[in-house]
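For reference, the chains in residue letters:
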Amino acid sequence: MIIAVIILVAVAFLAFVGFALSNRIIKPRQIPYEETYRIEVENGRMDPDWYEQVEKKEIWIDSPYGYKLHGFLIPNDNSERTVIICHGITYSLFGSIKYAKVFHKLGYNIIVYDHRNHGKSGGTNTTLGFYEKHDLAAVKKWALERLGANTRIGLHGESMGAAIALQYLSLDNEIDFCVADCGFSDLEELLSVRLREDFHLPSIPFIWLARFFAKLLTGANLKEVSPIKSVRESSVPVMFAHGAEDHYVPTYMSEKMHMEGNSKNHLLVVPGAAHAASLPTDPVTYEKEVESFLRKHKLL
């Protein structure tokens, strides 16, 4: 009887931790939309004067999953070059504005938008690219319809946004470029790192249980959330950027993707930069590297 109770308690504990882990993934704590604006400004990552003065149009795009994606189009003198910028988890499109300013200065139209279950967009869960990459396809389609079929389109993503952008490359080889800033190479590998470092827990069986609950609750297979698979198969030029002091998404993940990607790819590791802080830490080098990358591939 005692053994049976111990077994039941152990099973219940494992199930609870697995469910809690899946819930942290698919129902991440959201920072309110207006709060993300305040955080970006107060931390010096966003230029509020530039944002308020630049021409922009609020847009709503139909997701293939039945909800609306909220965003802004920032046009640039009838340019035929456009970059779609993807923000990180728990955040909103305001996390993309620091990058928008860089690309706008280089002559690009900008589209920033809130991912599903973030900001003002619809959707009830987060899948770190499993469904989001198809939302990105809808954003690209909208851009071509509104800005012209000849528009050259690139992607920029930060953290989860980088993972989404990289996974999108498996759907579309006609993207002109991608800048992937501090993205993870494989979700289950990242979860293993976080379980070990944050909770001192082994990856097995908790990864399996999280995968099971996420599949049950959303239909998404977390095992398929693996940007490095897309990188290996894609011929699209990718610039990987990562902070050398990133202790959330390990720097080696971008280094690994760069190593296993195509010969057109480029890697920038910024000394002293933490997670999602490469541009704020060294804006001069970051902007110079982005411009050089685009010039090399005749995108300026």
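Residues numbered from 1 in each chain as written. Predicted model: local features only at pLDDT ≥ 70, side-chain atom pairs only at ≥ 80, totals over all residues. Heavy atoms only, no water.

A. Layout of the pairing of strand E3 (residues 81–86). With five of six residues buried, E3 is to be regarded as a mostly interior element. Crossover handedness for the path E3 to helix H4 (residues 97–105) to strand E4 (residues 109–113): right-handed. (Buried < 20%, exposed > 50% of the residue type's maximum accessible area, 1.4 Å probe, protein only. Helix = DSSP H or I, 4+ residues; strand = E, 2+ residues; numbered from the N terminus. Right-handed = clockwise from strand over helix to strand, strands pointing away.)

B. Seen up close, the environment of Arg-81. Mapped onto the secondary structure, Arg-81 falls in strand E3. You can call Arg-81 partly exposed: its relative accessible area is 22%. Taking the C-alpha atoms as reference points, Arg-81 and Gly-107, 26 residues apart in sequence, are found 7.4 Å from one another. Other than its neighbours up to four places away in sequence, Arg-81 contacts Leu-106, Gly-107, Tyr-108, Asn-109, Thr-151, Arg-152, Leu-299 and Leu-300. (Contact = heavy atoms within 4.5 Å.)

C. Up close: the layout of surface pockets. Reported here for the largest pocket is a volume of approximately 790 Å³. Lining the largest pocket are 29 residues, and of these Ile-89, Thr-90, Ser-159, Tyr-248 and His-275 sit closest to its centre. For the lining of the largest pocket, the secondary structure elements donating two or more residues are helix H1 (2–26), helix H2 (33–42) and helix H7 (187–199). Reported here for the second largest pocket is a volume of approximately 210 Å³. What lines the second largest pocket is a set of 13 residues, and nearest its centre among them are Arg-45, Lys-98, Lys-101, Leu-279 and Glu-287. For the lining of the second largest pocket, the secondary structure elements donating two or more residues are H4, helix H11 (278–281) and helix H12 (283–296). Top contributing element to the lining of the second largest pocket by residue count: H4, with five residues. In terms of residue class, the lining of the second largest pocket is made up of six nonpolar, one polar and six charged. (1 Å grid on protein atoms, 1.4 Å probe; cavity = no way out; pocket = protein on both sides within 12 Å on 5 of 7 lines; lining within 4 Å. Points joined across faces, edges and corners; volume = space filled by probe spheres on them. Nonpolar A, V, L, I, M, F, W, Y, C, P; charged D, E, K, R; others polar.)

D. Examining the packing of H4 against H12 more closely. Direction vectors running N to C along H4 and H12 enclose 50 degrees, while the axes themselves pass 11 Å from each other. Taken as axis vectors, H4 and H12 run oblique relative to one another. Judged by the twist between their axes, the crossing of H4 over H12 is right-handed. Here Tyr-99, Val-102, Phe-103 and Lys-105 of H4 come into contact with H12, specifically with Tyr-286, Glu-287, Val-290 and Leu-294. Considering only residue class, the contact of H4 with H12 consists of six nonpolar, no polar and two charged. (Axes fitted to C-alpha atoms, helices over the stretch in contact; angles between N-to-C directions. Parallel < 35°, antiparallel > 145°, perpendicular 65-115°, else oblique. Left-handed = near helix turned anticlockwise from the far one by under 90°.)

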